[in-house]
Amino acid sequence: MAEKAHINSIEECLEKHIPGGELADIKRILYGKELQNLDLPKSALKLALDNDFEIRGYGMPATPEEMRPPRIVRVGVIQNQIVLPTSAPIVSQRNALHCRIEQMVDAASICGVNVICFQEAWTMPFAFCTREKMPWCEFAESAENGPTTCFCQELAKKYNMVIISPILERDEMKGDVLWNTAVVISNTGQVLGKTRKNHIPRVGDFNESTYYMESTLGHPVFNTQWGKIAVNICYGRHHPQNWMMYGINGAEIVFNPSATVGALSEPLWGIEARNAAIANSYFTCAINRVGTEHFPNEFTSGDGKPAHKDFGHFFGSSYVAAPDGSRTPGLSRNRDGLLVVELDLNMCRQVRDKWGFRMTQRLELYAESLNQAVQLDFRPQVVNENGPKQNTTK
Ligand SMILES: NC(=O)NCCC(=O)O
């Protein structure tokens, strides 16, 4: 749906329209405690200006402790538009994206970023709306030694940075099956491992189940030099138990590389990853693609409306949320951007001690209830007015 106003970001609107006296309170209520701006190096700001991307930095400190030193990590998240038209040759499209990301990772490195994550399926247009297999499946590549992984390994070594690279994976060793995968590359340049999308959308133009299957890899957490990290890919953010399992496996930062459009999910965007940070006492990094992508052939959305050639607007708005509920402002809804956030991982345990969510989680209660819910003879536990308790499906 076309927008009436071309809003660049909610924060910009608030700053413009809320009077100074009330703005601080409004921001506190909407965003939690006020975050410090990070002083980013001038050379990084210049790189961003020269190459037309937004760059922002914030600090999320923890309370100093007597027994533990701070565990400071700088995370970077990148949102970007595709570079070439979707009709350009596959290799040219992919190479152009590699070059674009290299510029932005270069800026991230100047800002001292330790762990960086790109958007979902970052090497390609989000072509799953088309339902066409060709040429889009040709973007798929090996997670272990495909051109994108090799490219990221070089960057990781050069910049001493952990890189999370979400790609369309072709598992060449297992029947050429496709997956929606995030490859985790250590700062040594080694592939630390991979994780795959657990929940696949069947909503709107997100026809992804036509292309790949649900992950069978569970909820791996990767132990890096800068903390335990996990990746909950896009639509998985609608499933609280998906977030929860990464927490149970010990994640301290969970990245959520996404590709989603305004008409469908923008009202949910600011809530889900932030709520996950609160509920699981870890940091979350929500990353969304940006821009409008046009495809060569028309497709319909199965809603009786005319055929069209674009997916709608990917609204960017990437942000980071902390376990104490505070969050950064979002990046632009319209522009490429790099968000740099300095976290102190000590905050995870501090919030667990304060709120006790892990202590009060009652996993055994839910394990038992869920075990019942998956039985074939399960009946929902409903109490009716005319009986003490009846198990009924109505
Ligand atoms: N890429 C993807 O899973 N998008 C689904 C739509 C959404 O979750 O907002």
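Within each chain, residue numbers correspond to sequence positions counted from 1 in written order. Where local features are concerned, this predicted model is filtered to residues with pLDDT of at least 70; where side-chain atom pairs are given and counted, the filter is 80 or more; whole-chain, interface and lining totals use all residues. In computing side-chain values, all of the structure's heavy atoms are included and hydrogens and water are not.

**As for the overall build of the protein chain**
Only DSSP runs of H or I covering at least 4 residues are called helices, and only runs of E covering at least 2 are called strands; the numbering of each starts at the N terminus. On a plain count of helices and strands, the protein chain comes out with 9 helices and 17 strands. Projected onto its principal axes, the C-alpha coordinates of the protein chain cover approximately 70 × 55 × 50 Å. Categorising residues by exposure relies on relative accessible area from a 1.4 Å probe, with only protein chains included: less than 20% of the type maximum marks a residue as buried, more than 50% marks it as exposed, and the intermediate range marks it as partly exposed. Residues classed as buried in the protein chain amount to 52% of the 394 residues present. Note on contacts: a residue pair qualifies if any of its non-hydrogen atoms lie within 4.5 Å across the two residues. Taking the contacts inside the protein chain whose residues are at least 6 apart along the sequence as the reference set, 70% of them involve residues at least 24 apart. For every accessible area listed, the method is Shrake-Rupley and the probe measures 1.4 Å; residues are considered covered only by the protein chains on display. Here the protein chain displays about 18,800 Å² of accessible surface, and carbon together with sulfur accounts for 54% of that area. Of the side chains in the protein chain, 40 bear a positive and 44 a negative charge, and the two mean positions are spaced by 2 Å. Counting rule applied: Lys, Arg positive; Asp, Glu negative; His and chain ends not counted. Where a charge sits is defined by one atom per residue type, namely NZ (Lys), CZ (Arg), CG (Asp) or CD (Glu).

**A short note on the site of the ligand**
The criterion for a residue being near a molecule or strand is simple. One of its heavy atoms has to lie within 4 Å of it. Around the ligand sit 14 residues in total, of which Glu120, Lys197, Arg237, His238 and Thr260 are the nearest. Between Lys197 and the ligand, the recorded distance is 2.7 Å, taken from a side-chain N or O atom to an oxygen atom. Distance and chemistry together define a polar contact, namely a pair of N or O atoms within 3.5 Å, with one atom able to donate a hydrogen and the other to accept it when in protein, and with adjacent residues in sequence counting only for side-chain atoms on both sides. Contact between the ligand and Thr260: an oxygen atom at 2.5 Å from a side-chain N or O atom of the residue. Summarising the interface, the protein chains cover 99% of the accessible area of the ligand, which totals 280 Å² for the free molecule.

**As for the sheet that holds strand β10 (residues 253–258)**
Strands are labelled as partners when DSSP assigns at least two bridges between them. Read across the open sheet, the 5 strands follow the order β8-β9-β10-β11-β14; overall the sheet is mixed. With partners counted over all chains shown, the strands left at the sheet margins are β8 (222–224) and β14 (319–321), one partner each. In this sheet, adjacent strand axes meet at a mean angle of 25° when their direction is disregarded. Of the pairings in the sheet, the one linking strand β11 (residues 283–288) to β14 comprises 3 bridges and is antiparallel in character. The residue bridging Ala286 from the neighbouring strand is Tyr319, located in β14. In this description, a line fitted to the C-alpha atoms serves as the axis of each element, helices being fitted only across the stretch in contact, and the angle between N-to-C directions of two axes falls anywhere from 0 to 180 degrees.

**Some remarks on helix α2 (residues 20–31)**
One less than the number of residues in a helix, times 1.5 Å, gives the span that helix is expected to have. Along its 12 residues, α2 runs 16 Å from first to last C-alpha, staying within 8% of the 16 Å computed at 1.5 Å per residue. At the exit of α2 stands Gly32, carrying a positive phi of roughly 85°.

**Some words on the nonpolar core**
Membership of the largest hydrophobic core comes to 34 residues, with the highest contact counts inside it found for Met60, Val75, Val115, Ile229, Ile253, Phe255 and Phe283. Not counting residues up to four positions away in its chain, the partners in contact with Ile229 are Val115, Val162, Ile164, Val184, Pro220, Val221, Phe222, Thr224, Ile253 and Phe255. Take the buried residues of types Ala, Val, Leu, Ile, Met, Phe, Trp, Tyr and Cys, join any two whose side-chain atoms come within 4.5 Å, and each joined set is a nonpolar core. Within the second largest apolar cluster, 33 residues are counted, among which are Ala48, Ile82, Ile163 and Leu338.

**A word on unusual backbone geometry**
One can expect most non-glycine residues to show negative phi and most peptide bonds to be in trans. Residue Met134 is joined to Pro135 through a cis peptide bond whose omega torsion reads 5°. On the secondary structure map, Pro135 appears in the loop between β4 (115–117) and α5 (147–159). Positive phi outside glycine occurs at Asp52, with the angle close to 60°. Tracing the chain through its elements places Asp52 in the loop between α3 (42–50) and β2 (54–60). One non-glycine residue, Arg362, adopts positive backbone phi at about 55°.

**Notes on the packing of helix α4 (residues 90–110) against α5**
Between α4 and α5, the shortest axis-to-axis distance is 11 Å and the interhelical angle comes to 15°. Classified by the angle between their axes, α4 and α5 sit roughly parallel to one another. Note that α4 runs across α5; the crossing there is right-handed. Residue-level inspection shows Arg94, His98, Glu102, Val105, Asp106 and Ser109 of α4 in contact with α5, the latter providing Pro147, Thr148, Phe151, Leu155, Lys158 and Tyr159. Residue polarity follows a fixed list, in which Ala, Val, Leu, Ile, Met, Phe, Trp, Tyr, Cys and Pro are nonpolar, Asp, Glu, Lys and Arg are charged, and the others, Gly among them, are polar. Of the residues contributing to the contact of α4 with α5, the split by class is 5 nonpolar, 3 polar and 4 charged. Roughly parallel refers to an angle under 35 degrees, roughly antiparallel to one over 145, roughly perpendicular to one between 65 and 115, and oblique to any angle outside these ranges. Each crossing is labelled by how the near helix is turned from the far one, with a counterclockwise turn of less than a right angle marking it left-handed and a clockwise turn marking it right-handed.

**Some points on the UniProt feature "domain: CN hydrolase" (unreviewed entry) in the protein chain**
UniProt positions are given in the numbering used here, feature names are shortened, and annotations may be inferred rather than shown by experiment. Listed under "domain: CN hydrolase" (unreviewed entry) in the UniProt record, and renumbered for this structure, are residues 73–345. Helix makes up 23% of residues 73–345 and strand makes up 31%, while its end C-alpha atoms are separated by 7 Å.

**Examining the pairing of strand β3 (residues 72–79)**
When you tally the buried positions in β3, you get 7 out of 8 residues, the bulk of the element. Relative to strand β15 (residues 337–344), β3 runs antiparallel, the two being bridged by 8 bridges. Across the sheet, Gly76 pairs through a bridge with Val340, a residue of β15. As defined by bridge partners, β3 adjoins β4 across 3 bridges and the pair is classed as parallel. Considered in β4, the bridge of Gly76 is made with Ile116. After leaving β3, the chain enters α4 and then returns to the sheet as β4, a path that is right-handed. Handedness of a crossover is defined as follows: orient the strands so they point away from the viewer, and if the path from the first strand over the helix to the second runs clockwise, the crossover is right-handed.

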